[in-house]
Amino acid sequence: GLRYVTGEPGRVPVRSGVSIGDSIAALHGVLGVLLALYHRDARGGTGQMIDVALYESVFNMMESLLPEHDAFGTVRERAGGALPGIAPSNAYRCQDDASGDSYVLIGGNGDSIFKRLMLAIGRDDLAHDPDLAQNDGRARRCTELDAAIEAWTRLRPIDEVIAVLDAADVPVGKIYSAADIARDPQYLA
């Protein structure tokens, strides 16, 4: 399931860049151990077997993948950096800097957030378009909205994009490389 939905539309599925299944299974194992210890200590229980499977742990993270299929017959496909049916919410390229490509994640999918985002990027026409007032209308015009946002981000350095959108209360964040993480003040602290 995870690999099936990971990658760009119409392209070969890709694996995650880390061994995510192992990590998720380990976390599920720890939860099982903690619950068994709680059962022992708080309720006078005895030993328990903890059984964790990689595929079950990853499946647990697949949100509404199976309910969507069960209820509507839909099969979620690869959507790249976007959240299918939720718009706009994607990764957008900023003006390149000396370190190489710079991307931000922008989550402008809430109705009021969308309006603030469009006003912040100078797209008053989209901010006040009644067809875009709610997510269903924005989802239908996702490609247009992504293009409008990236037309704005591509002309600006990432720090400016983040500052403008932070000031507008629009969720935004840089996509960090290992070097970015190592320089981050919170990480260093």
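See above for the structure.
Description of the structure in this document. (Residues numbered from 1 in each chain as written. Predicted model: local features only at pLDDT ≥ 70, side-chain atom pairs only at ≥ 80, totals over all residues. Heavy atoms only, no water.)

## Side note on the overall build of the chain
Okay, step 1: A tally of regular secondary structure across the chain gives ten helices and three strands.
Okay, step 2: Secondary structure of the chain in N-to-C order comes out as α-α-α-β-β-α-α-α-α-α-β-α-α.
Okay, step 3: The globule rule puts the C-alpha radius of gyration for 189 residues at 16 Å, and the 21 Å found for the chain is more than 25% above it.
Okay, step 4: The C-alpha extent of the chain, read off along each of the three principal axes, is 65 × 45 × 35 Å.
Okay, step 5: For the chain, the residues scored as buried account for 29% of the 189 residues in total. (Helix = DSSP H or I, 4+ residues; strand = E, 2+ residues; numbered from the N terminus. Rg over C-alpha atoms; globule rule 2.2 N^0.38 Å. Buried < 20%, exposed > 50% of the residue type's maximum accessible area, 1.4 Å probe, protein only.)

## Describing the sheet that holds strand E3 (residues 172–174)
Okay, step 1: The sheet built from three strands is open, its strands ordered E1-E2-E3 with antiparallel pairing. Edge positions in the open sheet fall to strand E1 (89–93) and E3, since each of these has one partner strand only. Averaged over all pairs of adjacent strands, the angle between strand axes in this sheet comes to 25 degrees, irrespective of strand direction.
Okay, step 2: Two elements, strand E2 (residues 103–107) and E3, share three bridges in a ladder whose sense is antiparallel. Looking at E3, one finds that Val-104 is bridged to Lys-174.
Okay, step 3: Against the sheet, helix H7 (residues 142–153) contacts E1 and E2, and its axis sits at roughly 35 degrees relative to E1. (Pairing = 2+ DSSP bridges. Axes fitted to C-alpha atoms, helices over the stretch in contact; angles between N-to-C directions. Contact = heavy atoms within 4.5 Å.)

## So, the pairing of E2
Okay, step 1: Bridge count for E1 against E2 is five bridges, and the pairing is antiparallel. The residue bridging Tyr-92 from the neighbouring strand is Val-104, located in E2.

## Structural notes on the packing of aromatic side chains
Okay, step 1: Counted according to the given criterion, the structure contains zero aromatic pairs.
Okay, step 2: A cation sits over an aromatic face here: Arg-78 above Tyr-4, 5.4 Å from the ring centre. (Phe/Tyr/Trp six-rings, centres within 6.5 Å; stacked < 30°, edge-to-face > 60°. Lys NZ or Arg CZ within 6 Å of the ring centre and 35° of its normal.)

## Observations concerning the pattern of salt bridges
Okay, step 1: Taken as a whole, this structure holds ten salt bridges when the rule is applied.
Okay, step 2: Two residues, Arg-76 and Glu-68, come together in a salt bridge whose shortest N-O distance is 2.8 Å.
Okay, step 3: The partner of Asp-180 in a salt bridge is Arg-183, with the nearest N and O atoms 2.7 Å apart. Placement of the pair is Asp-180 and Arg-183 together in helix H9 (residues 178–183), with a separation of three residues, close to one helical turn.
Okay, step 4: The exposure class of Arg-183 is exposed, given its relative accessible area of 52%.
Okay, step 5: Salt bridges sharing common partners tie together Glu-63, Glu-68 and Arg-76. (Salt bridge = Lys/Arg side-chain N within 4 Å of Asp/Glu carboxyl O.)

## Focus on helix H8 (residues 158–167)
Okay, step 1: Here H8 has its buried residues at Ile-158, Val-161, Ile-162 and Leu-165. Within H8, the buried residues cover an arc of 95 degrees as seen down the axis, which keeps them to one side. Structural note: H8 exposes Asp-159 and Ala-167 on the side pointing more than 90 degrees away from its buried face.
Okay, step 2: Buried residues in H8 make contact with E2, helix H4 (111–120), H7 and E3.
Okay, step 3: Taken from the residues just after H8, Asp-169 is the one with a positive phi, measuring 60 degrees. (Arc of directions from axis to C-beta.)

## Description of the nonpolar core
Okay, step 1: Counting residues in hydrophobic clusters, the biggest one holds 22 residues, and the most contacted among them are Val-104, Ile-106, Leu-117, Met-118 and Leu-165.
Okay, step 2: Every element with two or more residues in this core is listed here: E2, H4, helix H5 (124–127), H7 and H8.
Okay, step 3: Setting aside residues up to four positions removed in sequence, Leu-165 forms contacts with Ile-106, Leu-117, Ala-120, Ile-121, Trp-152, Val-170 and Val-172. (Core = buried A, V, L, I, M, F, W, Y, C linked by side-chain atoms within 4.5 Å.)

## What about a nonpolar patch on the surface?
Okay, step 1: Taken together, the side chains of Val-30, Val-33, Leu-34, Leu-37, Ile-50 and Val-52 define a hydrophobic patch exposed on the protein surface, amounting to about 440 Å² of accessible area.
Okay, step 2: Turning to its location among the elements, Val-30 is positioned in helix H1 (residues 20–43). (Patch = residues over 30% accessible without salt bridge, like charges linked within 9 Å, V, L, I, M, F, W, Y side chains within 5 Å. Areas by Shrake-Rupley, 256 points an atom, 1.4 Å probe, with all protein chains shown as cover.)

## With respect to the side chain of Asn-90
Okay, step 1: Within the secondary structure, Asn-90 is located in strand E1.
Okay, step 2: A polar contact is formed between the side chain of Asn-90 and the side chain of Asp-146, at a distance of 3.0 Å. (Polar contact = N/O pair within 3.5 Å; in protein donor to acceptor, adjacent residues only side chain to side chain.)

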